[in-house]
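Structural characterization, general
Below are the chains, spelled out letter by letter.
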Amino acid sequence: MDIKSWRKSSRSGDSGQRIAVGRAVDLAAARDTRNRDGGMLVVDRGTFAAFLAAVKSGHL
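Figured I'd write up the structure that's included with this text. (Residues numbered from 1 in each chain as written. Predicted model: local features only at pLDDT ≥ 70, side-chain atom pairs only at ≥ 80, totals over all residues. Heavy atoms only, no water.)

Here we come to the sheet that holds strand E2 (residues 19-23). Strand pairing in a sheet relies on backbone hydrogen bonds, with the paired strands running either antiparallel or parallel. The antiparallel open sheet is built from four strands, whose spatial order is E1-E2-E3-E4. Two strands close off the open sheet at either side, each with one partner strand: strand E1 (4-8) and strand E4 (41-44). Across the sheet, the mean angle from the axis of one strand to that of its neighbour is 20 degrees, orientation sign disregarded. When E1 meets E2, the two strands line up antiparallel, connected through three bridges. Looking at the pairing, lysine 4 lines up with arginine 23 of E2. (Pairing = 2+ DSSP bridges. Helix = DSSP H or I, 4+ residues; strand = E, 2+ residues; numbered from the N terminus. Axes fitted to C-alpha atoms, helices over the stretch in contact; angles between N-to-C directions.)

A few words now on the environment of aspartate 2. By the element assignment, aspartate 2 lies in the segment before E1. In this structure, the C-alpha to C-alpha distance between aspartate 2 and valine 25, residues 23 residues apart in sequence, is 8.9 Å. Dropping the residues within four chain positions of it, aspartate 2 is found in contact with Arg23 and Ala24. (Contact = heavy atoms within 4.5 Å.)

Here it is, written out as structure tokens:
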């Protein structure tokens, strides 16, 4: 799996919680920037978009 374009999440802020998000052709991923070798959550992009929408709307 070749995840590209890792970037710090704009929602990470300065709270000490640092999440990076990345993408591949049909996948999206999230990982802890302080523990890059600790694994990542990988889902299809539609599922990730639905997750982000739920978080932003306060449903999660």
